[in-house]
Amino acid sequence: MEDKIKNPEIQNSQHFGTNLSLESIKIIAESIGIGNLSDAAAKELSDDISFKLKQIIQDGQKFMHHAKRSRLSASDVDSSLKIRNLEPQYGFISKEFIPFRFASGGGRELYFTEEKEIDLNDLMTTTAPKAPLEVTLRSHWLCVDGIQPTIPENPPPLAKDAQIQDSVNPVKKLEKTDLKDTSGKPAIKAHKLKTFETVHIKQLAQHELSVEQQYYYKEITEACVGADEGRRAEALQSLSCDPGIHEMLPRMCTFIAEGVKVNVVQNNLAILIYLMRMVRALLDNPALYLEKYLHELIPSVSTCIVSKQLCQRPEVDNHWALRDFAAKLMAQICKNFNTSTNNLQTRVTRLFSTALQNDKVPLSSLYGAIEGLSELGHEVIKVFIIPRLKFISERVCNMQAADISNTERNAAGHIRALLAKVCAPVLKTMRPAPDVLEDYKRDFGFLGPALHQSVMKARQTPNTAQPTSSASISVPSVTPRITTTPIQRQISQTQQGQQKFYVTKASSPSTTPANIVKIQQNPKIFIQSTPKAVSFVNASNQSLQEHELDDLSHLA
Amino acid sequence: MSANNKNDILAVLQILKKYNLKDTESLLKQEANLTDIPENFTHDASDSVLQAYQSEGDPDSYDSCYTELRKFVDSALDIYKYELSMILYPVFVHMYIELVYNGHEEQAKELMEKFGPEQEYYYQEDIKRLSMITKRDQMSGNDLTDTFKSNEFIIRISRDTLSLLKRHLQEKKASVVMNIINEHLYFDLYEGMARNKKQCDATAGALLGEARRQDNKVKVYYGLLKEPDYQQMTTQAPPPEEEDENDVDADKPKKKKQKKDPLFGKKTKSDPNAPPSDRVFLPQLRDNDKNEKIKALREAQKRVNLGPDSLPSVCYYTLLNSLYTVTCAEIAEDSSLIAIGFSDATIKVWAMTPAKLRELKSAEHLKDIDRDVDDVLVRMMDDRKADTSKLFTGHTGPVYSCSFTFDRSLLLSCSEDCTIRLWSLQTWTCLVVYKGHLNPVWDVKFSPHGYYFVSSSHDKTARVWATDNPQPLRIFAGHLSDIDVCMFHPNSNYVATGSSDRTVRLWDVLSGNHVRLMTGHKAPIYSLVFSNCGRYLASGSSDKVVNVWDLAHGHLVASLEGHTSTIHSLCFSRDGTVLASGALDCNLKLWDFSKLCEDLSGENVNVSHNPNVRSGDNYLLRTFPTKQSPFITLHFTRRNLLYGVGMFESS
């Protein structure tokens, strides 16, 4: 008999004969002035009312169906009352919500309709509400000769859920035998074999881009790193909301990764900023799921945070803004893609915190590491930055000597300001109220006075300090140690102050096979296999950089 | 006056009394010479209907009776098992009604809770409605119990299965079950093998079981009418087109939609299944209509032929700023106009081409026009009042359906206010209000030849009207619940209706009888469309399935599954090769109908032999999702471009 129940929903909805509770009936009776309703009477009423209500609602369903909705509205109930020759309930016109409020107290719970008194004078004086917009017709191509174009009006060819499944569940790909409905391309006809052999032939993944897609890729990448600010805005806009770029994602990410590699060597700040803005746009795109491409994006973004040198003239150029922006991106990535299997945030945290352990790290990288950690939230600051404050303090202190270059001194200043900013809210909660300057000096050394000042300031302002990042904080329980993941290796290389490149092996199937950047002693000479990346290297100029930085500060 | 007649009149008087219609009551009394009505006459009409449920059976025995019957079904041989299991539901329902009628509320509830959930999923909706009724007085005037009482539940059963059942009942002497089976069940016997589970399930699901064989015995003239000879009217005859397609299977009625198909060369050959052309009176074509037909034929020459390798293009019209206010949409045959019905009782007509909607000049101005000039029709129109859209107001409830005439001069609409309105698309005013339906009108459709139209309503009737008559010409009564959708056959001789009783019926316009009763849907039916050849009928339902029926014998031939929500729109391509279905799940599916026809042509069918029901997997061509825009209407243009209409439902 079990097989009789086909529909699983049915099993959960075996509510035959649900009635209004006697208590409800009594409360309703009370509300119209009948105080002592007997149980028997309430039972009789409840049965009758429940029966009638159910009938009315069931008829209302018919009106809902004919209005081609899947949600019952108040007007449906009105219509259903009308066909029973009953007066409809005037005044319930709300379509979006049920206008009942819940209240409880004295052991009783009830729902009531809220009736506010409206002051007519107020109604007269306030401006009339906006008239609803007129209904308009808009047409678009849902499909052209059997192929669904990827335009914003159409759903993305591969829904985000499917993308998530695709990257999280490896079995998914094997199961997917039916290629019919997955994308806008026509179905690939399976060849009919005359004899059946038990040989499994792995289907080659199709990654050729159509001519239109190639053109789009070219246009977008050129616009993103080109000189025309208007076009760049359009290109970024397209990246951040176009639902159809899922297929081009591997190439976009490779473009970014290669671009960062090349331009970090060239110290081309403007291009790096443009590339980070591309990352931001891709992250913002609601139709994309980037998990599969993090191996390219994270090294690029972290390079922009902790690289020793990002610009030609470190003493004047504002590479700090780029570091801030990239750190925000990193926090965003951690927030979006951290799972228990990839331990993303843990790895990123470890990466930054190693920089704090090492006293040979250049100050610019140190700044990046602090910024990167601080974006990950209060808990991270508390565990990783605060204990190292004294150590950082010493390094910053050393930079005050006369023989230190202007650049270094500048960097030290930035670090001090940054620490004062990010540590104050945390220190405020960690340390008891009377802030003694000597204690701060003792605990934090050179940075003590600055921290003291900002904490004092923080205490005066009302408590608005909230964790900057709502990402779940995963703190590695053991002391961070250096592991040899590719990301770490790259960073440790940058920390050592040598502009070296490492060999990347593109694991994305779509990238062109030759993607090897040769390691050279001279940082200025490199061989790059993608001509595109080279072509834009010289496309920037100094004035653009200035302009970019303004932009970044907006974005950040 | 016979006793029976007297009882009827007494019942009518009772009703008049109940509604306090004293004058009518006294008039009727006078006319019927009934002055000596006993004062204590309390004959309740509904009581008499339900009287058969009077039973002295022990209320506690029902439970064990049902358990025993179920055990018997379960232990039966597999070949009989599934057919036997079909009797469980009706027996259960009637047991419950009997218990409630005799005032055994507790036992009834117990029975419902114990055995209600194990009934087939497609009966759950009815079971829920039934479970609401727990008292005898709630039964009076209740649709569902009345339906069960006054109709027999029909079960198709093989002779062997039935004798097995009878033997069991006699052995057990289960009087309760026996009574129910004798009183309320009808066995439609057939010779041969008992059906298997799949076969049983395919046609089960209707409110009152399956169709009897004799329901589908009448011959249906499903062929198309002979087209009038347009060639004489045209100066330049377009060459005959697409010969190859007709050659594929000449015996199959696979011609394209008659109106548009210029079978100029071979049009003398008439369809053997076509009705005589004068079977139903059809209006003479006017010059305007002829011109329109010729235009359609020319257009049809430029048509793209569709198939698995050449899928149509789809243009989707999204209604913006209209969340939950649009109730229906209809596109004119030539795809130049679109009418949208709203829940606020208005209808808006848009021009889908750059040509604006023009209005006839006022009478004074029309007087001045020289009637002999060539462009008199153009001059009659007032360009100053032309607009891209026009609004019709007049209904007082949500508009549930609209229908254009072929020549786009008239528009019909039906509404929750129980009326049908005819609007002129030249003066842009309401011409006629057709009153007749007693309840909200769900659907209205023009006949493909104009003049006639059919409407269907919550009052369980469908009615055929002529535009020049305020009264309906035919009232089709027989459905057991709301008629949600209706459709004229391409030859205007038949009307198909789909209902909430989960059956599809075909009615003869000439006689007013129902000639086909088709069961198999498991939920109310919301869309119907005839194939261009006239032989097949496709129906979409909220059971998420598109069923295809062969009208020759009323068989279910294919069940196209795949949607995940109610199917509200169906449309055949103009060459009849592709069936498009759109649902509330925001998906458009294209089905290969020519392949289905091909597969079916090999099958030898007759009235008693049910063909295998084909599943949709082989026929699904493609699925196109939209972005949160459920489909309200689908329409193929004359050139086979597919239009979809829907509103954007932002989450």
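Because the structure is predicted, anything quoted here is derived from the model rather than measured. (Residues numbered from 1 in each chain as written. Chains lettered and ligands numbered in written order. Predicted model: local features only at pLDDT ≥ 70, side-chain atom pairs only at ≥ 80, totals over all residues. Heavy atoms only, no water.)

J.: Just to check I follow, could you spell out the overall build of chain A for this structure?
T.: Counting its secondary structure elements, chain A contains 23 helices and three strands. Within chain A, buried positions represent 42% of all 556 residues. A sequence separation of at least 24 residues applies to 67% of the contacts in chain A between residues at least 6 apart. On chain A, roughly 31,300 Å² of surface is accessible, and the fraction owed to carbon and sulfur atoms is 55%. (Helix = DSSP H or I, 4+ residues; strand = E, 2+ residues; numbered from the N terminus. Buried < 20%, exposed > 50% of the residue type's maximum accessible area, 1.4 Å probe, protein only. Contact = heavy atoms within 4.5 Å. Areas by Shrake-Rupley, 256 points an atom, 1.4 Å probe, with all protein chains shown as cover.)

J.: For this particular structure, what's the right way to read the sheet that holds strand S30 (residues 620–625) of chain B?
T.: One key point about sheets: their strands pair by backbone hydrogen bonds, in either a parallel or an antiparallel sense. All names here are of chain B. Strand order in the open sheet formed by four strands is S26-S27-S28-S30, with antiparallel pairing between adjacent strands. Every other strand in the sheet has two partners, leaving strand S26 (567–572) and S30 as the edge strands with one partner each. Going from strand to strand, the sheet's axes swing by 15 degrees on average, the running direction of each strand aside. As paired strands, S26 and strand S27 (residues 578–583) are joined by five bridges and run antiparallel to one another. Bridge assignment links serine 569 to a residue of S27, and that residue is glycine 582. Packing of helix H18 (residues 593–601) onto the sheet brings it into contact with S26, S27 and strand S28 (587–592), and relative to S28 it is tilted by some 35 degrees. (Pairing = 2+ DSSP bridges. Axes fitted to C-alpha atoms, helices over the stretch in contact; angles between N-to-C directions.)

J.: Teacher, can you tell me more about the pattern of salt bridges here?
T.: Pairing is possible between side chains of opposite charge, provided their charged atoms come close. Residue and element names in this part refer to chain B. For the structure shown, the criterion picks out 50 salt bridges over all chains. Of the charged contacts, one joins arginine 159 and glutamate 191 as a salt bridge, the two residues approaching to 2.6 Å between their closest N and O atoms. One end of the pair, arginine 159, is in helix H11 (residues 159–172); the other, glutamate 191, is in the loop between strand S2 (185–190) and helix H13 (197–203), with 32 residues separating them in the sequence. Residue class for glutamate 191 comes out exposed when judged on its relative accessible area of 56%. Salt-bridge contacts for aspartate 508 lead to arginine 279; the nearest nitrogen and oxygen are separated by 2.5 Å. Taken together, the residues aspartate 508 in strand S20 (residues 503–508) and arginine 279 in the loop between helix H14 (243–248) and helix H15 (287–301) connect sequence positions 229 residues apart. Using a relative accessible area of 7% as the deciding quantity, one classes aspartate 508 as buried. (Salt bridge = Lys/Arg side-chain N within 4 Å of Asp/Glu carboxyl O.)

J.: Help me understand the interface of chain A and chain B, please; the structure alone is not making it clear to me.
T.: By convention, interface size is frequently given as the accessible area that disappears when the constituent parts associate. Listed by partner, the interface residues are 57 residues for chain A and 73 residues for chain B. A combined buried area of about 6,100 Å² lies between chain A and chain B, and 57% of that area is made up of carbon and sulfur atoms. Counting across the chain A and chain B interface gives four salt bridges. A salt bridge links B:Lys348 to A:Glu134; the shortest N-O distance between them is 2.6 Å. On inspection of chain A and its partner chain B, the count reaches 17 residue pairs in polar contact (both at pLDDT 80 or more). Elements supplying a minimum of two residues to the side of chain A that touches chain B: helix H3 (39–66), helix H4 (74–83) and strand S3 (136–143) of chain A. Across the side of chain A that touches chain B, the residue classes break down as 19 nonpolar, 18 polar and 20 charged. (Buried area = accessible area lost by both parts, 1.4 Å probe. Polar contact = N/O pair within 3.5 Å; in protein donor to acceptor, adjacent residues only side chain to side chain. Nonpolar A, V, L, I, M, F, W, Y, C, P; charged D, E, K, R; others polar.)

J.: How should the nonpolar core be read in this particular structure?
T.: The nonpolar side chains of soluble globular proteins are, as a tendency, buried together. Formed by 97 residues in total, the largest nonpolar core has its most connected members in A:Leu239, A:Met276, A:Ile392 and A:Cys423. Here the element with the most residues in this core is helix H11 (residues 269–284) of chain A; it accounts for 13 residues. Those residues in contact with A:Cys423 that sit more than four places away from it in its chain are A:Ile381, A:Ile385, A:Ile386, A:Leu389 and A:Leu451. By size, the runner-up hydrophobic cluster in this structure holds 56 residues, among which are B:Met95, B:Phe148, B:Ile157 and B:Ala204. (Core = buried A, V, L, I, M, F, W, Y, C linked by side-chain atoms within 4.5 Å.)

J.: Can you walk me through a negative patch on the surface in this structure?
T.: A surface patch of negative charge is lined by B:Asp58, B:Asp60, B:Glu106, B:Glu110 and B:Glu113. With respect to the element layout, B:Asp60 can be found in the loop between helix H3 (45–50) and helix H4 (61–75). (Patch = residues over 30% accessible without salt bridge, like charges linked within 9 Å, V, L, I, M, F, W, Y side chains within 5 Å. Lys, Arg positive; Asp, Glu negative; His and termini not counted. Charge placed at Lys NZ, Arg CZ, Asp CG, Glu CD.)

J.: It is not clear to me how the sheet that holds strand S6 (residues 347–351) of chain B should be interpreted in this structure. Could you clarify?
T.: Residues and elements named next belong to chain B. The strand order across the open sheet formed by four strands is S4-S5-S6-S9, and the pairing between neighbours is antiparallel. What marks the edges here is a single partner per strand, and that holds for strand S4 (326–331) and strand S9 (389–392). For this sheet the average axis-to-axis angle between neighbouring strands, irrespective of direction, equals 20 degrees. Two elements, S6 and S9, share four bridges in a ladder whose sense is antiparallel. The partner of tryptophan 350 across the bridge, within S9, is serine 389.

J.: Explain helix H13 (residues 319–337) of chain A here, please?
T.: It helps to recall that an α-helix has 3.6 residues per turn; residues three or four apart then point in one direction. In this model H13(A) runs 27 Å from its N-terminal to its C-terminal C-alpha over 19 residues, within 8% of the 27 Å that 1.5 Å per residue would give. For H13(A), the buried fraction is high: 14 of the 19 residues fall into the buried class. (Expected span 1.5 Å × (residues − 1).)

J.: Would you take a moment to explain a nonpolar patch on the surface for this structure?
T.: Residue and element names in this part refer to chain A. Taken together, the side chains of Leu20, Leu45, Ile49, Leu53, Ile57 and Leu72 define a hydrophobic patch exposed on the protein surface, amounting to about 440 Å² of accessible area. With respect to the secondary-structure elements, leucine 45 resides in helix H3. Overall, the relative accessible area of 38% leaves leucine 45 in the partly exposed class.

J.: Just to check I follow, could you spell out the environment of B:Tyr101 for this structure?
T.: Residue and element names in this part refer to chain B. Locating tyrosine 101 in the fold gives a position in helix H6 (residues 88–101). The class for tyrosine 101 is buried, based on a relative accessible area of 2%. Put simply, tyrosine 101 and aspartate 137 are 36 residues apart on the chain and 8.5 Å apart in space, counted from C-alpha to C-alpha. Polar contacts involving the side chain of tyrosine 101 include one to the side chain of arginine 136, which spans 2.9 Å.

J.: Honestly, the UniProt feature "repeat: WD" (unreviewed entry) in chain B in this entry has me stumped. Any pointers?
T.: With numbering matched to this structure, UniProt assigns "repeat: WD" (unreviewed entry) to residues 392–433, 434–475, 476–517, 518–559 and 560–594 of chain B. End-to-end, the C-alpha atoms of residues 560–594 of chain B are 14 Å apart, and along that stretch the chain is 6% helix and 57% strand. (UniProt positions renumbered as here; feature names shortened; annotations may be inferred.)

J.: What is the right way to read H4(A) from this model?
T.: Residues and elements named next belong to chain A. Along H4, the residues classified as buried are Asp76, Asp78, Ser79, Ser80, Leu81 and Ile83. Each element contacted by the buried residues of H4 is listed here: H3. Of the residues flanking the end of H4, it is asparagine 85, one or two places downstream, whose phi is positive at about 60 degrees.

J.: When you look at the environment of A:Val306 in this model, what are you seeing that I'm missing?
T.: Residues and elements named next belong to chain A. Assignment of secondary structure puts valine 306 in helix H12 (residues 294–306). In this structure valine 306 comes out as buried when scored by relative accessible area, which is 3%. Valine 306 sits 46 residues away from phenylalanine 352 along the chain, and the two C-alpha atoms are 8.4 Å apart.

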